[in-house]
Amino acid sequence: MKSPTSIERNLILLGGVGLGLFVVLVGALFVVQTTMGTQQRRLQQIIVPIQQDVAGLEGAIAAAFAREADVSSTGSTAQLEPMRNRTDIERRLTQARISLKSHLVEAGDDRLRKRAETMNGTVEDFLSADAALFASMMRTHSLDSDFRAQLGTSDSELHDQIVRVQDVAGRAKLAQVLLLRRIATGEASVQEVVSGPVRVRGEAAQDLQGSIQRYAMLVALIGTLRDADALNSMIANELPQAHARVVEDLGQLAELTTSDPDLAARVTDLQTQFERTGQRTTDRSDARSVVSLRYATFTERVHASEIRELCRTTAQRLLVDARGVESRADEIATRASRTAAGLTQAARYGSLLLALLGIGVCAFSGRRIMHSVAELRATNQNLSDLKRQLLDVNEGLEHTVAQRTSELRLRERSLQLVLDTTGDGLISVATDGRLLGERSRAVGDWFGSPPPDMLIWNLLYPNDPRRALTFQLAWAQLMSDELPFDVALEQMPHSIEQSDRLLQLEYKPVREKGRLVSMLVTVLDVTARRTAERAERDARAVQAILANVLKDPAGFRRGMAELAELTRMATHGRGPAEVRRALHTLKGNAAIYGLSSLTECCHAIEERLYDDSEQLMSAEDARMLESSLRTTMSCVEELVGPAQLDRLEITREDLAAVIRLLDQRRDHAEVLSSIERWLREPTARPLATLAAQARRLASRLGKQVEVDVFDGGVRVDPDAFAPLWMNLVHAIRNAVDHGIEPADVRTARGKPEEGRLVLRCQDAGDGTIVIDVTDDGGGIDLEAVRAAARQRGLACATEDDLIDAVFLDGLSTRSTATDVSGRGFGLGALRHACSKLGGTVRVSTTAGLGTTLSIRIPSAARRLDRSVARSASRPPPAARGSSASSRVA
Amino acid sequence: MTRLATHREWGPPDGASDASRITRRSVLQGAVGAVLLHSSRARAEVQPAAVEPIVVGMSTALSGPARALGTAMMRGVQAYLDVANAQGGIAGRPLRLEALDDAYEPARCSENVRRLIDQSHVFAIVGNVGTPTAAVTVPIANEKKVPFFGPFTGAGLLRKTPPDRYVVNFRASYAQETAEMVRGLVSDLRVSPERIAFFTQDDAYGDSGYSGATQALRAVGFDRPERLPHGRYPRNTSDVEGGLARILDPRVSPAAVIMVGAYSPCAKFIKLARRYGLRAVFANVSFVGSEALAAELGPAGEGVVVTQVVPHYDSDLPVVREYRAALLAEDVGFVSLEGFIVARAFVQVMRRAGAKADRESFIDVLESGEGFDLGLDAPRALSRDVHQFSNRVWPTYIRGGRFVPMRSWGDLAGGK
């Protein structure tokens, strides 16, 4: 036995080595892939966003540069003002900064983190520098505009003074000219012209003209100076010189004009004005003077340019930081890709090495296996020798086995005896469905004697191959381990119906050492038990019917008539909707009266109709329904007898009242009317039935409707009023289905969620009965009615016409009928029923608030129907007798 | 109430039917007013508002040295508008004048004109006074496409070739006036062109008169008119001495001084010149303001010439008769007569354009080439190339403190 073990060992070795190599290969690949994935993720999630952030930051810095340039290049407050809002740049900087910081922290690189920290500080520095620059530029512009205004004032004053000087000069010139004219006419001497005061004055005026114009020009020039140096030079030299010159010329002129008071006054005026203008222009002690303002502007400009430099430096630093971050990120990216490349290379060499190793191991194992096969051949020879020896030993053993078998047969026979004595059928079945030997006698009685090895399903269902197949499949499922055993067991058939008996099947597993070896199938006869149960249920149904009859015989009778009518509608309905509606109502009503078989029949037909909404009832179903109704009717008659249905109900109180009247020997008519009252039925009952129908309908339509009933103690002739009650159902349906809106609509219209329907019956006093059906729904849509009426050529001018139209058969405003109502026949039938009683029916409706349907039946109709209605209906003979006797009384 | 009027259809400017319509409407409005307001006072207030008036604007000198001109012009314009409104306005729509004071200052004038156009929505600017103020008004009128009608100025900048579409003149230009002076002096009075001197206001007004005269001098064969003595004075001052010195220079002996200026400095100039012995003809253009000049000069005004662009207010022309009937005796003068004629010309064009006319159709009617009878002489037709109603100049001179029309410049020699 050494060689096979060696083969096995070699194969295991080979397999082991192969598996080992494979595992190592897979592991290596996994490691490589993971590492590369990590690097890639690092690149994607950290480095790339960092680069994007840096690009964003650089963009923001570029915008900051642009803003700084824009702010610096503005020329006035008005230009600067729109730039006050720098939220965009702030947002961009802050965003880039925050995003970068978070990404840098993620990157986990110390150098990057440090960079981020310095960058934060730099951004703050930049923002504050920018704000300072803005403020400084603002001040510059404001100073500049002050300066321009002041300069303008000085300018215009000087211009005015120039005009005055010209005037003075013109006057001096005129004096000269007049002098010259006098010379021309010989009135004056040339000497006077040459050395006289007139000429000197004229020249002085001309000098003044020149000096003041030069001064004005210099003042105007201040506005064009570019820096403080030029201004300094002007203030130090030209301006004071020009000023002094003007003052000097003015002084000279003043001296020369003392003889001419008019001119002297003008010159003095000019002196004062010029002094003022001069001060306004050049006085450096006055902060508002032209020169001071100019200086302030320059100083502020220098300040602004310093801040601007700071701004630029900070932005540069920010840029350097951003670049640093970028280059560091690049470095990391490069490192990552280098790592990935190295790893790929390593993985490549590793796989090659493993492959070579695998080939080597295979070669080695191949040689070992060839060696083992040679050993195996030798071993084989030894084995055939051993076999021959074994056969000899076996012959002795067979004799012993035969002896044991005869003992076992004896024991089996005694077990069969036990089985045969039990009443139940017991069948032992092998896992493949074959019958095993053990089974009780009852099995033979019920299923006949099966041939050996018969399959259990063929035994149980000899003439039903379909069921046999079902059983077989269930059995196979039970035997396979697909489902939990208990679940599979549940799905086995549990009963068999034979022609005369009902058999119950039970299954019990037989296990040996936990393994299922066979099943024990127990068959029980439960026919008697089933019969008892059915009898009990029928008895309960009869009890229910009886209870209903006893409770309200008149109602029950009406109910029966109604059932007949509904059945007629269901079987001969005009359309699927009507059929369904009638069928459904029939089902509900049958359930109310406890007619369970009719209910079940309706339910079954409904189920069949359920699939196809356009289908009418099949002829077969119609027959079934009618026969079910007939059966129910006859059953009811059989149970309670016609007499029960036409009973008169008189309470003790009623009787006592009559006896009291008789005792008091009251008037015959009074007594008669009191007794006559017995013939009538309290309206409370039919109203309660209607209310129950309304509630049922509401819950079916998913509406919340509170139904209130006020019967007013009124009694009416049950037979005469039966058609009215029946048709009143239509009004109820209309109110619940069309009148009362769905809860959401009601809420939207500001009404309580729960609708309200009131059924009120009262005696109007003169014996007239008034029955009101009031809902708080949406009212009748008169416009829709008008449209429908017009379409049918009916009168539709007034509201009364429209209300009339509502009562016409077949006029419906609904485009689609629901299964509850909507064909437009109901109200017409109701009016018909009313008019048969001599009554009227009116509808009043308020859009959005509700509808009231009001029926008035005059007393004459009540009196009349005692005889008329009776003969019209179908009274059983016994009932006719009782009504006759009451008429006699 | 206002709604009532705006829904009304405007008929043709037919006097009789229009009048009856107004009456009917007034009755109707009266009834409605009475019903709505139950008050006759309220009804009286309601009636004028019922018809939307046509508003014309004016920015003129109602204060300052030139206020006499502005006031007289405004009275003349208002007088004719009253006449026109009494005749039913423009097919029932009354005319209303809105006049603002600019004190003869261009800056204020520009502000006024913009306010009149943008806030008061005037149909046209009518009868402004002054050349520097006109210089700022013309660009606004062109920009806003609002007619600038009959301004009291003869400056060349309102008389471009071709004319600005929205600028319409009534009067002859300063150049035409000074040309008439040159013609009269040289041809009628036989004054040598070399002995003509100028005294002008130092601005566009003065320039336009001066250049008209120099052109006229060239036309009569005098080739160096710019070498003639020319004294100037600054606007809104009376500093005439310097200018006077130029003209009194003993090297020249002017026989005539053509003056283009305002009445106050001109009067001062004439008085001083006469005092210092200058014996010359002083000829002023119409803009000087004849009555104010005469008043200022007093006895020194005898023989001073003022050329007019309207006929004499005592003449027997139809429009002058109408004018005399419309104005109080103390308001009668050349300036108010010009205002009156300007307003008459405006109403004539407006009536032809109709009550629903807009500014464009107004100008279109004006340029249609059909004549307008201003009650002067022959009807005058305007066109795309002619935007001036009158080219005539009527010379007058002061005799006994009053202006008398001059039949010929020779009258002066005779009078002396």
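First things first, this report covers the structure right here in the doc. This is a predicted model, so every value here is computed, not measured.

**A look at the interface of chain B and chain A**
Link 1 in the chain: Each partner contributes to the interface: chain B provides 12 residues, whereas chain A provides 13 residues.
Link 2 in the chain: Residue classes in the side of chain B that touches chain A are distributed as six nonpolar, three polar and three charged.

**Description of the packing of helix α12 (residues 318–326) of chain B against helix α13 (residues 334–353) of chain B**
Think of two packed helices as two axes; the pair is described by the angle between the axes and how far apart they sit.
All names here are of chain B.
Link 1 in the chain: Remark: α12 packs on α13, axes separated minimally by 10 Å, with the N-to-C direction vectors making an angle of 110°. If you check the angle between α12 and α13, you find them roughly perpendicular. Considering only the axes of α12 and α13, their crossing is right-handed. Seen from α12, the contacting residues are V319, V320, Y323 and A326; seen from α13, they are L337, F340, I341 and R344.
Link 2 in the chain: Per-class residue counts for the contact of α12 with α13 are seven nonpolar, no polar and one charged.

**Observations regarding the sheet that holds strand β5 (residues 515–525) of chain A**
Residues and elements named next belong to chain A.
Link 1 in the chain: If you trace the five strands from one edge of the open sheet to the other, you get β2-β1-β5-β4-β3, paired in antiparallel fashion. Since the sheet does not close on itself, it has two edges, and those belong to β2 (435–439) and β3 (495–497), each with one partner. Neighbour to neighbour, the strand axes of the sheet diverge by 30° on average, direction disregarded.
Link 2 in the chain: As paired elements, strand β1 (residues 425–430) and β2 share two bridges and run antiparallel to each other. By the bridge assignment for β2, I427 is matched with R439.

**Considering the nonpolar core**
Link 1 in the chain: By size, the foremost hydrophobic cluster in this structure holds 165 residues, and its most contacted members are I125, V126, I258 and F346 of chain B.
Link 2 in the chain: Take this core: its biggest share by element is 13 residues, from α13 of chain B.
Link 3 in the chain: Look past the residues within four positions of I125 of chain B in its chain and what remains in contact with it is G57, M58, V113, L116, T137, A141, V146, F148 and F149 of chain B.
Link 4 in the chain: Counting 43 residues, the second largest nonpolar core, distinct from the first, contains V785, L802, L853 and I857 of chain A.

**Section: the environment of D385 of chain B**
Residues and elements named next belong to chain B.
Link 1 in the chain: Note that D385 resides in the loop between β12 (380–381) and β13 (394–399).
Link 2 in the chain: For D385, a count of 9 C-beta atoms within 10 Å puts it in the exposed group.
Link 3 in the chain: D385 sits 220 residues away from R165 along the chain, and the two C-alpha atoms are 9.3 Å apart.

**Some points on α12 of chain B**
Residues and elements named next belong to chain B.
Link 1 in the chain: For α12, the set of buried residues is V319, V320 and Y323. One face of α12 carries all of its buried residues, which in axial projection span an arc of 95°. Of the exposed residues in α12, the ones pointing more than 90 degrees away from its buried face are P318, R321 and A325.
Link 2 in the chain: On its buried face, α12 is in contact with α13.

Reading guide: rules and limits
- Each residue is numbered by its place in its chain's sequence as written, counting from 1.
- Following the order in which they are written, the chains are lettered starting with A and the ligands numbered starting with 1.
- With the structure being a predicted model, the display of local features is reserved for residues of pLDDT at least 70 and the display and counting of side-chain atom pairs for 80 or more, all residues being used for whole-chain, interface and lining totals.
- By the criterion used throughout, residues are in contact when their C-beta atoms, derived from the backbone, lie within 7 Å.
- Under the scheme applied here, ten amino acids are nonpolar (Ala, Val, Leu, Ile, Met, Phe, Trp, Tyr, Cys and Pro), four are charged (Asp, Glu, Lys and Arg), and all others, including Gly, are polar.
- A fitted line through C-alpha atoms represents every axis, and for helices the fit uses only the stretch in contact; the resulting angles, taken between N-to-C directions, go from 0 to 180 degrees.
- A run of H or I in DSSP counts as a helix once it spans at least four residues, and a run of E counts as a strand once it spans at least two, with each numbered from the N terminus.
- Under this scheme an angle from 65 to 115 degrees is roughly perpendicular, one under 35 degrees roughly parallel, and one over 145 degrees roughly antiparallel; angles in between are oblique.
- In a left-handed crossing the near helix is turned counterclockwise from the far helix by less than a right angle, and in a right-handed crossing that turn is clockwise.
- Two strands form a pair only when DSSP identifies at least two bridges running between them.
- A set of buried Ala, Val, Leu, Ile, Met, Phe, Trp, Tyr and Cys residues, joined through C-beta atoms within 7 Å, is what we mean by a nonpolar core.
- Working definition of burial: number of other C-beta atoms within 10 Å of the residue's own, with buried at 20 or more, exposed at 12 or fewer, and partly exposed in between, all C-beta atoms being placed from the backbone.
- Directions drawn from the helix axis to the C-beta atoms are what define this arc.

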